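One letter stands for each residue in the lines below.
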Amino acid sequence: MRLSNWIGDVESGKADFATILVYDVSRWGRFQDADESAHYEYLCKDAGISVQYCAEQFENDGSPVSTIVKGVKRAMAASTAASCRPKCSPANAD
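Just so we're clear, the structure is a prediction, and the values are computed from it rather than from any experiment.

Student: So what exactly am I meant to see when it comes to the packing of aromatic side chains here?
Tutor: The relative placement of two aromatic rings is captured by the distance of their centres and the angle of their planes. Under the criterion given, the structure shown has one aromatic pair. For the pair Tyr53 and Phe58, a centre-to-centre distance of 6.3 Å together with 45° between the ring planes defines the contact as tilted.

Student: For this particular structure, what's the right way to read the confidence of the model for the chain?
Tutor: A low pLDDT means the predicted coordinates there should not be read in detail. Averaged over every residue, the pLDDT of the chain is 85; residues scoring 70 or more account for 84%. At the level of individual helices and strands, the chain shows its lowest average pLDDT in helix H4 (residues 64-88), which scores 80, and its highest in strand E2 (residues 50-53), which scores 94.

Student: What is the right way to look at the nonpolar core in this model?
Tutor: Across soluble globular proteins, you tend to see nonpolar side chains buried next to one another. Among the nonpolar cores identified, the biggest contains twelve residues, and these are Ile7, Val10, Ile20, Val22, Val25, Trp28, Leu43, Cys44, Ile49, Val51, Tyr53 and Phe58. Counting only elements with at least two residues in this core, the list comes to helix H1 (3-12), strand E1 (19-22), helix H2 (25-28), helix H3 (34-46) and E2.

Student: When you look at H3 in this model, what are you seeing that I'm missing?
Tutor: The first and last C-alpha atoms of H3 sit 19 Å apart over 13 residues, in line with the 18 Å expected at 1.5 Å per residue. Within H3 the residues assigned to the buried category are Ser37, Glu41, Leu43 and Cys44. Down the axis of H3, the smallest arc covering the buried residues is 150°, so these residues share one side. Pointing more than 90 degrees away from the buried face of H3 are the exposed residues Asp35, Lys45 and Asp46. Between the side-chain oxygen of the N-cap and the backbone nitrogen of Asp35 there are 2.9 Å, and the N-cap of H3 in question is Asp33. Downstream of H3 by one or two residues, Gly48 has phi in the positive range, about 85°.

Rules of the game
Residues numbered from 1 in each chain as written. Predicted model: local features only at pLDDT ≥ 70, side-chain atom pairs only at ≥ 80, totals over all residues. Heavy atoms only, no water. Phe/Tyr/Trp six-rings, centres within 6.5 Å; stacked < 30°, edge-to-face > 60°. pLDDT = per-residue confidence, 0-100. Helix = DSSP H or I, 4+ residues; strand = E, 2+ residues; numbered from the N terminus. Core = buried A, V, L, I, M, F, W, Y, C linked by side-chain atoms within 4.5 Å. Buried < 20%, exposed > 50% of the residue type's maximum accessible area, 1.4 Å probe, protein only. Expected span 1.5 Å × (residues − 1). Arc of directions from axis to C-beta. Polar contact = N/O pair within 3.5 Å; in protein donor to acceptor, adjacent residues only side chain to side chain.

What follows is the structure in structure tokens.
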């Protein structure tokens, strides 16, 4: 299932799940804008759906430490996405 499907279910109130398990912060979304992944996580939190990062060394509990670590990891994922985009464009596919 795609992230957009989950978010659609969350926003419509049709989610039949209480938790989304994500391998790590970078897998939640490799958006060029780090705030975008935070936005989607907030939508889930606001709807009562928790997001749990399975391979991270912190608990996603809203504490200052988890907020800072997620911010740094989101920025790193955004940087990776930006650097990979030219390499992955359809024009480069053979």
